[in-house]
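Examining the three-dimensional arrangement
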Amino acid sequence: MVTLEDVARHAGVSLATASRVLNGSRRVGATMRERVELAAAELGYQPNATAQTLARGSSNVIGLVVHDLTDPYFAALADGAMRAADRHGLVVVVGTTYRDPEREIGYVSTLRAQRVRVILLAGSRIADQQVTARLRAELARYRDSGGRVACIGQDLLGVDTIAPANRDGAAALARALARLGHTRFAILAGPPGLVTATDRTAGFAAALEQLGLPAPRVVHSGFDRDGGYGAAREVIGTDVTCVFAVNDVMAVGALAALRGQGVNVPGDLSVAGFDDIATLRDLVPALTTVRLPLAEMGERALELALGESTAPGVERIEGEVILRTSTRSLTP
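We now turn to the structure provided with this report. (Residues numbered from 1 in each chain as written. Predicted model: local features only at pLDDT ≥ 70, side-chain atom pairs only at ≥ 80, totals over all residues. Heavy atoms only, no water.)

Summarising burial for strand β5 (residues 160-164): five of the five residues are buried, a large majority. Alternating positions in β5 separate into two faces, Asp160, Ile162 and Pro164 on one and Thr161 and Ala163 on the other, with burial throughout. Of the strand pairs in this sheet, strand β4 (residues 148-152) and β5 are connected by three bridges, and their pairing is parallel. Note that in β5 the partner of isoleucine 152 across the bridge is isoleucine 162. In this sheet, strand β11 (residues 314-317) lies alongside β5 in parallel orientation, the contact comprising four bridges. Residue pairing across strands places alanine 163 opposite arginine 316, the latter belonging to β11. (Buried < 20%, exposed > 50% of the residue type's maximum accessible area, 1.4 Å probe, protein only. Helix = DSSP H or I, 4+ residues; strand = E, 2+ residues; numbered from the N terminus. Pairing = 2+ DSSP bridges.)

Structure below.
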């Protein structure tokens, strides 16, 4: 096995110089760097990744923690982060919390011990101040050791954050649907303790109130396809003319439930979602939703974490209402 000492001897430099070059230090002149790199290539030297991590103080690994990788929302975020990492010559490892906040804290602790360069957290916070405080403390320990962090979600962790404008997006959707003539709504609101679901529900309901329309019927359920399926069954047979599911995956479940019960969409009942998942755009009928640039959000989160700023920043991401054929106009 070729050693670092072999490379140094072949290049005619000190062991320290060879080590600095191969560990990425920029404190070595161009000529010396070329000699070391050429010697390493000629000898077929393979650096020890663990030793390099200790020398640099961090690895070339990005730790991405998501709630549910089978959810296309998180898959799109992960794809964006991975594309950005590839441009920087970095590797992404992904951990899934299955929406368990204790697992999320555990992942951060593990990634801190492994000295990854950046930790990205993707997903909504929960309305539990004690859990949030514990996660903040774990992230602070990681940052104190030189690590960088970015979050896609709510600005609650004291780190660089990509923050979707959930309330405003849902409010804009409510106003657009009201312009179609709808006045009686149901919200498939997801779990009450999930901040994203709560914000989208509150934004939609507040816009209806401002328009002088009746308060929506709110049905809580899981934040997934099955949650949307079960919640939609509860509004069948009511006077509701339009259903808002607080994410697209729930809307898919709602469409399945309505189809199974012989409810025509949008003839009998209109349905809208939130996120504009690219893989769901071929649904029939095509889903009305609020578009978020998910892949770009994943990319931007990594760029924020790798940036030079020492003070955490927040970038607000506005949604765009996209009206499609799952909702119909009731106006003449």
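Moving on to the sheet that holds strand β3 (residues 118-122). Ordered by their spatial adjacency, six strands build an open sheet running β2-β1-β3-β4-β5-β11, and the pairing between neighbours is parallel. The sheet is open, and its two edges are formed by β2 (91-96) and β11, each paired on a single side. Within the sheet, the average angular offset between the axes of one strand and its neighbour, ignoring direction, is 15°. Those strands touched by helix α5 (residues 72-87) are β1 (61-66), β2, β3 and β4, and its axis lies near 160° from that of β2. (Axes fitted to C-alpha atoms, helices over the stretch in contact; angles between N-to-C directions. Contact = heavy atoms within 4.5 Å.)

Attention shifts here to the packing of aromatic side chains. Counted by the stated rule, this structure contains three aromatic pairs. Centroid distance phenylalanine 185 to phenylalanine 204: 5.4 Å. Interplanar angle 80°. Geometry classified as edge-to-face. Separated by 19 residues along the polypeptide, phenylalanine 185 in strand β6 (residues 185-190) and phenylalanine 204 in helix α9 (residues 195-210) bring together distant segments of the chain. With relative accessibility at 0%, the residue phenylalanine 204 sits in the buried group. Plain terms: the ring middles of phenylalanine 204 and phenylalanine 244 are 4.6 Å apart, the flat faces sit at 15° to each other, and that makes the pair stacked. On the criterion of sequence distance, the pair formed by phenylalanine 204 in helix α9 and phenylalanine 244 in strand β8 (residues 242-245) is long-range, its members being 40 residues apart. The pair phenylalanine 204 / phenylalanine 244 is uniform in exposure class, with both members buried. (Phe/Tyr/Trp six-rings, centres within 6.5 Å; stacked < 30°, edge-to-face > 60°.)

Packing of helix α1 (residues 4-11) against helix α2 (residues 15-22) leaves a shortest axis separation of 9 Å and a crossing angle of 110°. One element, α1, and the other, α2, form an angle in the roughly perpendicular class. Seen from α1, the contacting residues are Leu4, Glu5, Val7 and Ala8; seen from α2, they are Leu15, Ala18, Ser19 and Leu22. For the contact of α1 with α2, the per-class residue count stands at six nonpolar, one polar and one charged. (Parallel < 35°, antiparallel > 145°, perpendicular 65-115°, else oblique. Nonpolar A, V, L, I, M, F, W, Y, C, P; charged D, E, K, R; others polar.)

The amide bond that connects valine 265 to the next residue, proline 266, takes the cis arrangement and shows omega of 10°. With respect to the helices and strands, proline 266 occurs in the loop between α11 (248-260) and β9 (270-272). Omega for the bond connecting valine 284 with proline 285 falls within 30 degrees of zero, at 0°, which places this linkage in the cis form. Residue position: proline 285 is located in the loop between β9 and β10 (289-291). Positive phi outside glycine occurs at arginine 99, with the angle close to 60°. Within the secondary structure, arginine 99 is located in the loop between β2 and α6 (101-113). For arginine 99, a relative accessible area of 32% gives the class partly exposed.

Our focus in this paragraph is the sheet that holds β9. Across the sheet, which stays open at both edges, the four strands sit in the order β7-β6-β8-β9 with parallel pairing between neighbours. In this open sheet, the two edge strands, each paired with only one partner strand, are β7 (217-220) and β9. Ignoring which end each strand starts from, the neighbouring axes of this sheet average 20° apart. Bridge count for β8 against β9 is three bridges, and the pairing is parallel. Residue pairing for β9: cysteine 242 is matched across the bridge by serine 270.

To continue, consider the nonpolar core. Leu120, Leu188, Phe204 and Met297 are the most contacted members of the largest nonpolar core, which totals 69 residues. Looking at this core, the element that brings in the most residues is α5, giving seven residues. The contacts of leucine 188, once residues within four sequence positions are left out, are Val219, Gly228, Ala231, Ala232, Val243, Phe244, Ala245, Val246, Met250 and Ala254. Among the nonpolar cores identified, the runner-up in size contains 16 residues, and Val65, Val131, Leu135 and Tyr142 belong to it. (Core = buried A, V, L, I, M, F, W, Y, C linked by side-chain atoms within 4.5 Å.)

For the structure on display, the rule yields 19 salt bridges. Among the salt bridges present, the one from glutamate 299 reaches arginine 87, with a minimum N-O distance of 3.1 Å. Placement of the pair is glutamate 299 in helix α12 (residues 294-306) and arginine 87 in helix α5, with a sequence separation of 212 residues. Of the charged contacts, one joins aspartate 276 and arginine 281 as a salt bridge, the two residues approaching to 3.1 Å between their closest N and O atoms. Judged by relative accessible area, aspartate 276 falls into the buried class, the value being 3%. Ionic contacts of the salt-bridge type, sharing partners, join the residues Asp276, Arg281, Arg291 and Arg324 into one network. (Salt bridge = Lys/Arg side-chain N within 4 Å of Asp/Glu carboxyl O.)

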